[in-house]
Amino acid sequence: MSIQKYSLQDSLSYFLPILLMVIIPVVIWLVWNVKTGRYTNMDVSNRIQRKTLYIFIAACVGIYLSFNYIKNGYIDFVMLFILILLFALQISNFFIKSSMHTAFNVFVAALFFVLSCTMGILWLGIAALVGITRIILKRHTVKEVFMGAGIAFLVSFIYLYCNIQFQH
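Because the structure is a prediction, the values reported are computed rather than measured. (Residues numbered from 1 in each chain as written. Predicted model: local features only at pLDDT ≥ 70, side-chain atom pairs only at ≥ 80, totals over all residues. Heavy atoms only, no water.)

### Focus on the layout of surface pockets
(1) Moving on: Of the voids in this model, the largest pocket is the one considered here, and its volume is about 1800 Å³.
(2) Moving on: If you trace the largest pocket, you find 50 residues lining it, with Y14, V78, M79, I82 and L111 closest to the centre.
(3) Moving on: At twelve residues, the largest contribution of residues to the lining of the largest pocket is made by helix α2 (residues 8-35).
(4) Moving on: The residue makeup of the lining of the largest pocket, split by class, is 34 nonpolar, ten polar and six charged.
(5) Moving on: Volume-wise, the second largest pocket comes out at about 190 Å³.
(6) Moving on: T102, A128, V145, F146 and A149 are the residues nearest the centre of the second largest pocket, which is lined by 13 residues in total.
(7) Moving on: Sorting elements by how many residues they give to the lining of the second largest pocket places helix α6 (residues 117-136) first, with six residues.
(8) Moving on: Of the residues contributing to the lining of the second largest pocket, the split by class is eleven nonpolar, two polar and no charged. (1 Å grid on protein atoms, 1.4 Å probe; cavity = no way out; pocket = protein on both sides within 12 Å on 5 of 7 lines; lining within 4 Å. Points joined across faces, edges and corners; volume = space filled by probe spheres on them. Helix = DSSP H or I, 4+ residues; strand = E, 2+ residues; numbered from the N terminus. Nonpolar A, V, L, I, M, F, W, Y, C, P; charged D, E, K, R; others polar.)

Written as structure tokens, this is what we have:
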């Protein structure tokens, strides 16, 4: 989507640090923990095992936010709200395991709403399908999927509100 608004070079300069500081380290962390037996599976379905995953992802996002602020002089608003979403999911994890897959897809729908209402609605449909598949695959209960979606709706609403406020 960023290629529509920015040049390929600008899009890559934005995405590559996220890829190198967040996505690749998290994938390596997951694979390593599954291979060593610390995590039961790549989904990290075990609520107790999730604690270290949340902390690791939050650390990666924090490192990226610091890098971006030092390099560009501003806080990446989207990644800041991803960090807020992670903290909210971590807090809920103490009480009920919530679906991170569903939560992140609901948040992505909010990001698309900023660009296009149609794309936002489309991605919200994808988020619903993700939630349904989490239940079908027996990775989450209906309550856990709704908990993930509910947390993401709340964080997404705050993100959209702040996005509107900062644009004016």
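What follows continues from the structure just given.
### Brief notes about the environment of L89
(1) Moving on: Take L89: it is sitting in helix α4 (residues 77-93).
(2) Moving on: Sequence separation between L89 and G148 is 59 residues, and the spatial gap between their C-alpha atoms is 7.3 Å.
(3) Moving on: Once you skip the residues sitting within four places of it in the chain, L89 turns out to touch Y54, S98, M100, A103, F104, G148 and I151. (Contact = heavy atoms within 4.5 Å.)

### A few points about helix α5 (residues 100-115)
(1) Moving on: End to end, α5 covers 23 Å across 16 residues, agreeing with the expected 22 Å (1.5 Å per residue, within 8%).
(2) Moving on: Of the surrounding elements, those touching the buried residues of α5 are α3 (47-72), α4, α6 and α7 (142-167). (Expected span 1.5 Å × (residues − 1).)

### Let's talk about the packing of α5 against α7
(1) Moving on: One way to put it is that α5 packs onto α7 with a least axis distance of 7 Å and a crossing angle of 25°. Here α5 is positioned roughly parallel relative to α7, judged by the angle of their axes. The two elements α5 and α7 meet at a crossing, and its hand is right-handed. Taken together, the residues of α7 that come into contact with α5 (itself represented by T102, A103, V106, F107, A110, L111 and V114) are V145, G148, A149, A152, F153, V155, S156, Y159, L160 and N163.
(2) Moving on: Each residue belonging to the contact of α5 with α7 can be placed in one class, and the counts come to 13 nonpolar, four polar and no charged. (Axes fitted to C-alpha atoms, helices over the stretch in contact; angles between N-to-C directions. Parallel < 35°, antiparallel > 145°, perpendicular 65-115°, else oblique. Left-handed = near helix turned anticlockwise from the far one by under 90°.)

### Regarding the side chain of Q90
(1) Moving on: Along the polypeptide, Q90 turns up in helix α4.
(2) Moving on: For Q90, a relative accessible area of 13% corresponds to the buried category.
(3) Moving on: Once residues within four sequence positions are removed from consideration, Q90 is found in contact with R50, K51 and Y54. (Buried < 20%, exposed > 50% of the residue type's maximum accessible area, 1.4 Å probe, protein only.)

### Overview of the nonpolar core
(1) Moving on: L53, V61, M79 and L85 are the most contacted members of the largest nonpolar core, which has 33 residues in total.
(2) Moving on: Only α2, α3, α4, α5 and α7 provide two or more residues apiece to this core.
(3) Moving on: With eight residues, the single largest contributor to this core is α3.
(4) Moving on: Apart from residues no more than four positions distant in its own chain, L85 is found in contact with A103, F104, F107, I151, A152 and V155. (Core = buried A, V, L, I, M, F, W, Y, C linked by side-chain atoms within 4.5 Å.)

### What to know about the confidence of the model for the protein
(1) Moving on: Looking at the protein as a whole, the pLDDT averages 91, with 97% of positions reaching at least 70.
(2) Moving on: Across the protein, the element-wise mean pLDDT spans from 67 in helix α1 (residues 2-5) up to 96 in α6. (pLDDT = per-residue confidence, 0-100.)

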